[in-house]
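Architecture and fold: a report
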Amino acid sequence: MTDHETDQPTGTKTVLVTGASSGIGEATARELAAAGHTVVLAARRADRLERVAADITAAGGRAGTAVLDVTDADAFRRVVDAVVAEHGHLDVLVANSGVMLLSPMTSLLADEWDRMVDVNVKGVLHGLAAALPHFLRQGSGHVVTTASIAAHSVVPTAAVYSATKYAVRALMEGLRQDLPAGVRTTTISPGVVESELATHITDPTASAGMDVYRRAAIPPAAIGRAVAYAVGESADVDVNELVVRPAAQRP
Ligand code: NDP
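Let me begin by describing the structure that accompanies this report. It should be emphasised that the depicted structure is a prediction, and the values quoted were computed from it without experimental measurement.

**Focus: the packing of helix α1 (residues 23–34) against helix α2 (residues 46–58)**
Interaxial distance between α1 and α2 falls to 10 Å at its minimum, and their mutual angle equals 20 degrees. On the basis of the axis angle, α1 is roughly parallel to α2. Handedness of the α1/α2 crossing: right-handed. Residues Glu26, Ala29, Arg30 and Ala33 of α1 form the contact with α2, whose participating residues are Val52, Asp55 and Ile56.

So this is what it looks like as structure tokens:
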């Protein structure tokens, strides 16, 4: 029995996951591999990718790695083309890489604003530019992105981060409307999830606020399971948007 999208055995797809060296991306790669999919883990830290891929392989899964800085459009295209050359197709792009450098606008950390736009918005666009030619040629494919509850409301210190995530949500909704029916789009909006995300914040006010806010965090596997659900739905069902937050999280 084969999946009519890919000619692979039913339930198995080739999935490229960015930001797979930690947190949500790593957990998503593990969940997808456990569900039988072939995963290619991408991010900048090669050692972390290799370790996660080795774990997946040891557990009987199929995993490869690709060192990738998503701010480099040409590099993204090379990685996607290499996945297609190796596996014959790419079925799902999980464009998950992101940075959350929270600060009040008045701190004027303009370099960090740029970095969030470069990774969170342009990094997703680079992924689309790389993957869509294959999806359109194949007549099938699936783009999954990690937005945030910050794509649904704005709080102090999160103006630029929220702006990038609102942008991703808008992009994904527009993309959905422009694509042929065979190519699906899923936007996952997590609440607070255990990961390294908040450790990169440099602004002391924003960093202090995180200590309390992040206490309710849930394990990243919860997001991985949501991605696996969307990916595993039949080709005529497009799970467009999911909000997954800790039951204890307020707001
Ligand atoms: P982590 O910091 O643990 O993971 C971020 C990932 O992004 C890492 O694998 C990192 O890998 C990768 N990354 C960062 N910059 C680049 C880059 N330039 N090129 C390629 N990869 C990059 O945080 P999370 O797992 O939490 O974050 C994953 C996504 O989830 C992000 O988009 C984040 O905004 C979103 N999110 C997270 C929430 C949370 O509470 N954790 C809540 C809502 C959304 P490397 O450094 O090796 O390149």
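Picking up where we left off.
**With respect to α1**
Under the 1.5 Å per step criterion, the end-to-end length of α1 is 17 Å for 12 residues, consistent within 8% with the ideal 16 Å. Turning to α1, its buried residues are Gly23, Ile24, Gly25, Glu26, Ala27, Thr28, Ala29, Leu32 and Ala33. Positive backbone phi, approximately 105 degrees, marks Gly36, located one or two places after α1.

**As for the site of the ligand**
Surrounding the ligand, one finds 29 residues, the nearest of these being Ser21, Ile24, Arg44, Tyr161 and Ser195. Here an oxygen atom of the ligand and a backbone polar atom of Asn96 are 2.8 Å apart. For the ligand, a nitrogen atom lies 2.9 Å from a polar atom in the side chain of Ser97. Contact with the protein chains covers 96% of the free accessible surface of the ligand, which is 880 Å². Breaking the shell around the ligand down by element, the ones donating at least two residues are α1 and α5 (159–178). Class assignment of the residues belonging to the shell around the ligand gives a composition of 12 nonpolar, 11 polar and six charged.

Rules behind the numbers
Residues numbered from 1 in each chain as written. Predicted model: local features only at pLDDT ≥ 70, side-chain atom pairs only at ≥ 80, totals over all residues. Heavy atoms only, no water. Axes fitted to C-alpha atoms, helices over the stretch in contact; angles between N-to-C directions. Helix = DSSP H or I, 4+ residues; strand = E, 2+ residues; numbered from the N terminus. Parallel < 35°, antiparallel > 145°, perpendicular 65-115°, else oblique. Left-handed = near helix turned anticlockwise from the far one by under 90°. Contact = heavy atoms within 4.5 Å. Expected span 1.5 Å × (residues − 1). Buried < 20%, exposed > 50% of the residue type's maximum accessible area, 1.4 Å probe, protein only. Near = heavy atom within 4 Å. Polar contact = N/O pair within 3.5 Å; in protein donor to acceptor, adjacent residues only side chain to side chain. Areas by Shrake-Rupley, 256 points an atom, 1.4 Å probe, with all protein chains shown as cover. Nonpolar A, V, L, I, M, F, W, Y, C, P; charged D, E, K, R; others polar.

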